[in-house]
Amino acid sequence: MKVPKEEENMKAGIENGTKIGKDLESVLARLLCLLATHLPKDVAQRIREMAEKENDGAAKKVYDCMLENMSLADSLARPLCQDTGIPNFYVKAGADFPLLGSLEGILKGAAAKAFKDAPLRPNAVDPFTSKNTGNNEGPLAPYIDWQIVEGDEVEITAYLCGGGCSLPGFALVLTPGEGIEKAKELIVDKILEKGVNACPPLVIGVGIGASADIAAKLSKKALLRKIGTENGNPMAKDLEKELFEKLNSLKIGPSGMGGAESVLAVNVEFGVRHPATFAVALATGCWATRRATFRIGKDLKVVSEDFD
Ligand code: SF4
């Protein structure tokens, strides 16, 4: 990972909470800028592998465009896509992390700084008036999801959540009788109907749980899991494999041009359900799935394994 210079300052200024907070904000802003311009290693690698395996002429051309896009975004330090999304942060915060109380302000400050520096596109729109707030800020923007854990470190997964790639998403509650078979049917039908709008090949996140909100949250978290990882539960892993094969058999291909594969990965996350409910949700990420995990130690050193 390209290490931002401020990291040294952060360590030097450990006694000065305000300065450290500002430095951390600055480092995280740089990392968001990096994320807007670079795919994480696992997504980039999977795109390259899919491009190599593809035999369809039109699909090959689309992959060539994606690879050229990635290379130009890197060399020119420009965003990979005009839709730079809305920053989402998924935070696992150690209860003893030194800046825990300031972290929300630091993340919001980092998003505001990256908005100007990257630059990121203003994507926050009032749902009633359709007025753009003009700065990517507003209720729940940036979105921050918290989990407090033991320890003195923080793990933050940042995701630049685009619009098109969110379009096929849904969350609903089925009866247990409908259960998993109906859930599979709905997911395949939805990708067939709207997958092309989400700039395939897609990352598919599936959440299963007791209620629509829990399933929706899990589907988004599933989206953030690295490509190539599997759910540790054998039945969830089988579901990932089955959906992966079914969705690829749709032959949607890159940008919907047809082709051998349609999905980058299928990740399933689940919680228990109520005896009377079977909630399922779908979240999708596009070929430009820009998410990366950063770890911040108690010495405030920032590390990520998602970039070269
Ligand atoms: S779906 Fe992804 S690649 Fe397509 S416009 Fe949105 S962010 Fe860009």
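Anything mentioned here points back to the structure above.
These notes cover the structure that comes with them.

1. With respect to the site of the ligand
Residues in contact with the ligand, as listed here, are C81, Q82, D83, G164, C165, A198, C199, C286, W287 and R290. Broken down by class, the residue content of the shell around the ligand amounts to six nonpolar, two polar and two charged.

2. Thoughts on the side chain of E261
Position of E261 relative to the elements: it lies in the loop between α8 (234–248) and β6 (263–270). When near neighbours in sequence (up to four residues on either side) are disregarded, E261 contacts R46, M50, K53, E54, Y63, F244, N248, G253 and P254.

3. Some words on the pattern of salt bridges
Throughout the structure, instances matching the rule amount to 21 salt bridges. Of the charged contacts, one joins D117 and K113 as a salt bridge, the two residues approaching to 3.0 Å between their closest N and O atoms. Here K113 and D117 lie together in helix α5 (residues 103–117), a separation of four residues that amounts to about one turn. By relative accessible area, which is 44% here, D117 ends up partly exposed. K113 sits in the partly exposed class, given a relative accessible area of 31%. A salt bridge links K246 to E242, with the shortest nitrogen-to-oxygen separation between them at 2.7 Å. Of this pair, K246 and E242 are both found in helix α8, four residues apart, which corresponds to roughly one turn of the helix.

4. With respect to the sheet that holds strand β3 (residues 154–161)
Spatially, the five strands line up as an open sheet ordered β2-β1-β3-β8-β9, and their pairing is mixed. The outermost strands of the open sheet, each flanked by one partner alone, are β2 (143–149) and β9 (302–303). Pairing geometry for strand β1 (residues 86–94) and β3, over eight bridges, is antiparallel. Paired with P87 across the strands is L160, a residue of β3. Packing against the sheet, helix α7 (residues 212–223) makes contact with β1, β2, β3 and β8 (291–296), and its axis sits at approximately 90° to β2.

5. As for the sheet that holds strand β4 (residues 170–174)
Reading across from one edge, β4-β7-β5-β6 is the order of the four strands in this open sheet, with mixed pairing throughout. Both edges of this open sheet fall to β4 and β6, since each of them pairs with a single strand only. Here the strands of the sheet are splayed against their neighbours by 15° on average, with no regard to which way each runs. Packing against the sheet, α8 makes contact with β5 (202–209) and β6, and its axis sits at approximately 150° to β6.

6. Considering the nonpolar core
In this structure, L28, F89, V91 and I296 are the most contacted members of the largest nonpolar core, which totals 35 residues. Those elements that provide at least two residues to this core are α2 (17–37), β1, α5, β3 and β8. Residue contributions to this core peak at 10 residues, all from α2. The residues contacting F89, other than those within four sequence positions of it, are L32, L107, A111, P142, Y143, I144, D145, I156, T157 and A158. Formed by 26 residues, the second largest nonpolar core is a distinct cluster that contains I47, A51, A73 and Y159.

7. Some details on the packing of helix α3 (residues 41–53) against helix α4 (residues 57–76)
Packing of α3 against α4 leaves a shortest axis separation of 9 Å and a crossing angle of 150°. The orientation of α3 relative to α4 falls into the category roughly antiparallel. The hand of the α3/α4 crossing is left-handed. When α3 is examined against α4, the residues A44, I47, R48, M50, A51 and E52 are found in contact with a partner set consisting of K60, Y63, L67 and M70. Across the contact of α3 with α4, the residue classes break down as seven nonpolar, no polar and three charged.

Rules behind the numbers
- Residues numbered from 1 in each chain as written.
- Predicted model: local features only at pLDDT ≥ 70, side-chain atom pairs only at ≥ 80, totals over all residues.
- Heavy atoms only, no water.
- Near = heavy atom within 4 Å.
- Nonpolar A, V, L, I, M, F, W, Y, C, P; charged D, E, K, R; others polar.
- Helix = DSSP H or I, 4+ residues; strand = E, 2+ residues; numbered from the N terminus.
- Contact = heavy atoms within 4.5 Å.
- Salt bridge = Lys/Arg side-chain N within 4 Å of Asp/Glu carboxyl O.
- Buried < 20%, exposed > 50% of the residue type's maximum accessible area, 1.4 Å probe, protein only.
- Pairing = 2+ DSSP bridges.
- Axes fitted to C-alpha atoms, helices over the stretch in contact; angles between N-to-C directions.
- Core = buried A, V, L, I, M, F, W, Y, C linked by side-chain atoms within 4.5 Å.
- Parallel < 35°, antiparallel > 145°, perpendicular 65-115°, else oblique.
- Left-handed = near helix turned anticlockwise from the far one by under 90°.

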